[in-house]
Amino acid sequence: MTHGILALQGDYYAHGRVYDKLGLKYLYVKKPDELERVDTLVIPGGESTTIRKLARSIGLWDMLKEFDRPMMGTCTGIILMAHEIENDDEETLDHLDITVSRNAYGSQINSATQTGIYLPDNNEIEMVFIRAPRIIETGDRADVIARYQGETVAVRQGNKIGLTFHPELSDISLFHKILTDI
């Protein structure tokens, strides 16, 4: 199994370090032929407009929309995977039945490490929020899998996972393992 990490913009190397820690094979995806060679895909944090434009310019955007294998989006990744972005008419990949709001927790200066709850086993986990989006609506097809202060911060829909935080910046490999096992 080869895990893919979209490597157009953002801190994609941090996801590579998680896969290194887990001893798993991965590939930084920068071209369409590389996307065809991976079994899973992580869309990292970064800047959603930039990632969207770059993906379109190299022929990856439509392939990402059709990607039917396991996929996880963190921070910017969940914005791109959402069905809708509040007050924004930019096209999304529409993999998750959610509506998100960009930078809902504030600017870069408001970034913080918090403790939230992973719901399937009710364990506390560290969550790193950096200019994080907020999930403002969860549709019937998306299951809530983590909360922070009562708010939904992670969802799963079939083989797709979306997180508003950055597990790759803490000592958490839980979500990368889940993606591996889907």
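Structural notes, computed from the coordinates. (Residues numbered from 1 in each chain as written. Predicted model: local features only at pLDDT ≥ 70, side-chain atom pairs only at ≥ 80, totals over all residues. Heavy atoms only, no water.)

Some points on the overall build of the protein chain
A count of helices and strands for the protein chain gives six helices and 12 strands. Whereas a compact globule of 182 residues would reach a radius of gyration of roughly 16 Å, the protein chain reaches 15 Å, a difference of no more than 12%. Every one of the 182 residues in the protein chain was classed for burial, and the buried ones make up 51%. A total of about 8,200 Å² of accessible surface is found on the protein chain, and carbon and sulfur atoms cover 43% of it. Positive and negative charge centroids in the protein chain, built from 19 and 28 side chains respectively, lie 5 Å apart. (Helix = DSSP H or I, 4+ residues; strand = E, 2+ residues; numbered from the N terminus. Rg over C-alpha atoms; globule rule 2.2 N^0.38 Å. Buried < 20%, exposed > 50% of the residue type's maximum accessible area, 1.4 Å probe, protein only. Areas by Shrake-Rupley, 256 points an atom, 1.4 Å probe, with all protein chains shown as cover. Lys, Arg positive; Asp, Glu negative; His and termini not counted. Charge placed at Lys NZ, Arg CZ, Asp CG, Glu CD.)

Things to note about the sheet that holds strand β7 (residues 112–118)
The mixed open sheet is built from nine strands, whose spatial order is β2-β1-β3-β4-β12-β11-β10-β7-β8. With partners counted over all chains shown, the strands left at the sheet margins are β2 (26–29) and β8 (123–129), one partner each. Here the average twist between neighbouring strands, direction ignored, is 25°. The pairing of strand β1 (residues 3–6) with strand β3 (residues 40–43) spans three bridges and is parallel. (Pairing = 2+ DSSP bridges. Axes fitted to C-alpha atoms, helices over the stretch in contact; angles between N-to-C directions.)

What to know about the sheet that holds strand β9 (residues 134–138)
Spatial strand order, β5-β6-β9: three strands in an open sheet with mixed pairing. Either end of the sheet is taken by a strand with one partner, and the two such strands are β5 (82–85) and β9. Taking the axes of each pair of neighbouring strands and ignoring which way they run, one obtains an average angle of 35° across the sheet. Judged from the three bridges that link them, β5 and strand β6 (residues 96–101) form a sheet pairing that is parallel. Bridging across to β6, Glu-84 finds its partner in Thr-99.

Focus on the environment of Tyr-148
Relative to the helices and strands, Tyr-148 is located in strand β10 (residues 143–148). With residues up to four places along the chain from it excluded, the contact list for Tyr-148 reads Gln-114, Thr-115, Gly-116, Met-127, Phe-129 and Val-153. Polar side-chain contacts of Tyr-148 include one of 3.3 Å to the side chain of Gln-114. (Contact = heavy atoms within 4.5 Å. Polar contact = N/O pair within 3.5 Å; in protein donor to acceptor, adjacent residues only side chain to side chain.)

Remarks on the packing of aromatic side chains
Taken as a whole and assessed by the stated rule, the structure comprises nine aromatic pairs. Ring geometry for Tyr-118 against Phe-175: centres 5.7 Å apart, planes inclined by 90°, an arrangement best described as edge-to-face. A residue pair is termed long-range when its members are at least 10 positions apart, and Tyr-118 in strand β7 and Phe-175 in helix α6 (residues 174–181) qualify at 57 residues. The two residues Tyr-118 and Phe-175 agree in class, both being buried. The aromatic ring of Trp-61 is capped on one face by Arg-56, whose charged end is 5.3 Å from the ring centroid. (Phe/Tyr/Trp six-rings, centres within 6.5 Å; stacked < 30°, edge-to-face > 60°. Lys NZ or Arg CZ within 6 Å of the ring centre and 35° of its normal.)

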